[in-house]
Number of protein chains: 2
Amino acid sequence: MITQLKKHLLDEFGIDFQNDAYLLEAFTHASYVNEHPKEKLKYYERIEFLGDAVIQLCVSEYLFARYPNLPEGKLSKLRSAMVCEDSFSKFAQECHFDEYILLGKGEEKANARQRSSLLCDIFEAFIGALYLDQGKAAVEQFINRVVFPKIDLGWFATYMDHKTELQELLQQSGTRQIVYSMVSEEGPDNAKTYVMQVSVDGEFIGQGAGHSKKAAEQMAAYAALQRLK
Amino acid sequence: MITQLKKHLLDEFGIDFQNDAYLLEAFTHASYVNEHPKEKLKYYERIEFLGDAVIQLCVSEYLFARYPNLPEGKLSKLRSAMVCEDSFSKFAQECHFDEYILLGKGEEKANARQRSSLLCDIFEAFIGALYLDQGKAAVEQFINRVVFPKIDLGWFATYMDHKTELQELLQQSGTRQIVYSMVSEEGPDNAKTYVMQVSVDGEFIGQGAGHSKKAAEQMAAYAALQRLK
């Protein structure tokens, strides 16, 4: 398993993992350890404990720098939306980490490999392993590719409420008419991408894309805010 | 305020702070910003958001390395005990940070300077400022001096339950008599230090100190575990 996983990491992410023990620990579930007592394996929970704190800092640092005017309450909401089981399990699947988990037979039958909580744990454990193996810069490079682009795809846009911010900014100079309208709608039903634009008093001020109309509106508002500030 | 604070940081902790803006932000409360609108100050909440994640990682990393055999559940409990309002407000006071907070008049009257939640915020904000100014190694050096020694003083010992761990280890080889007894009790009533020892079947196996008998027993059990493993 480790050989294939290392090849996968190198091919897909350019990560040349050095210490196999960290990687093995990160992808080993307790149920597998219990079924193979002679192998004296460690399961992923300790390394996940570390990984959780690593990604929390990397995401915090990124948001702090990227949104210099966002108040703390919004930064926290956005961080919570990014650093959660729902997101992390999706990242784990997108990285095909589910294929490499060492699971006990019972858990395998119970379909644990697709369980969102387990996938989230594995993602955090991998971050912990990468941190131990290659340090924070390597983790940043990885999440820069896997996590942060999702912001611009509008994954977390509903948590940011740029629309309210835009409205408040524009109305400082009197009531104005803000209109959101759809530019396009693409892709199959289960993976649609919407493009929305926003105009003020009939003038175009921003455009954004997202997986829902609401998310795309938020991204359009964000683009407008960047432009107006 | 900044000049005195910088002198204090240099004299007490050897920290030569470079960017005054970070330090000012970390010690400025929203109430002060509201009372001084012309100064265009930032208040500490954003930098505290960052500092919280920084100290969370530093503490996690330390615990992960120091207790290689502690399962994740116990690491998490210990981290929660260390990274909390109660501890951080004490650290802030110990570092005399309370003396440098820029507070509005109303909050000053309401005695906010001694409020535990505010002191905790300021401690995290300072960590965020130090991280931005000098990076993670400088934060580690600081908490290595201010935070980690408290572990050996038994501050968080009740969260670790070394006593149960010791009992389980010793009883693997049959029932044995584990006895804790007091060695000494020193200091004034409000700041006592207890030293407790633990013996098994009459033989001394460890000794520890703490601010309560319970904490000192936990530290004695921890010392015994280190010795027996």
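Residues numbered from 1 in each chain as written. Chains lettered and ligands numbered in written order. Predicted model: local features only at pLDDT ≥ 70, side-chain atom pairs only at ≥ 80, totals over all residues. Heavy atoms only, no water.

The name recorded for chain A in an unreviewed UniProt entry is Ribonuclease 3, from Ligilactobacillus ceti DSM 22408. What UniProt records for chain A under Subunit (unreviewed entry) is the sentence "Homodimer." (UniProt positions renumbered as here; feature names shortened; annotations may be inferred.)

Undergrad: Got a sec to walk through the environment of Asp86 of chain A? Specific residues and values, please.
TA: Inspection of the secondary structure puts Asp86 of chain A in helix α6 (residues 85-94). Taking the C-alpha atoms as reference, Asp86 of chain A lies 38 Å from Arg176 of chain A; in sequence the two are 90 residues apart. (Helix = DSSP H or I, 4+ residues; strand = E, 2+ residues; numbered from the N terminus.)

Undergrad: Tell me what's going on with the UniProt feature "domain: DRBM" (unreviewed entry) in chain A, and back it up with residues and numbers.
TA: On the UniProt side, "domain: DRBM" (unreviewed entry) is annotated at positions that read residues 161-229 of chain A here. Split by type, residues 161-229 of chain A is 38% helix and 36% strand. Its first and last C-alpha atoms lie 16 Å apart.

Undergrad: So what's going on with the nonpolar core? Which residues, and what values?
TA: By size, the foremost hydrophobic cluster in this structure holds 116 residues, and its most contacted members are Phe123 and Phe142 of chain A together with Phe123 and Phe142 of chain B. Once residues lying within four places of it in the same chain are set aside, the contact partners of Phe123 of chain B are Ile55, Phe88, Phe91, Ala92, Phe97, Phe142, Val146 and Val147 of chain B. Judged by nonpolar contacts, the second largest core, of ten residues, contains Leu166, Leu170, Ala220 and Ala221 of chain B. (Core = buried A, V, L, I, M, F, W, Y, C linked by side-chain atoms within 4.5 Å. Buried < 20%, exposed > 50% of the residue type's maximum accessible area, 1.4 Å probe, protein only. Contact = heavy atoms within 4.5 Å.)

Undergrad: Go over the environment of Lys38 of chain A, please, and point to the residues and values.
TA: All names here are of chain A. Within the element layout of this structure, Lys38 appears in the loop between α3 (30-35) and α4 (45-66). Classification of Lys38 as exposed rests on a relative accessible area of 80%. Measuring from C-alpha to C-alpha, the distance between Lys38 and Glu12 comes to 33 Å, with 26 residues separating the pair along the chain.

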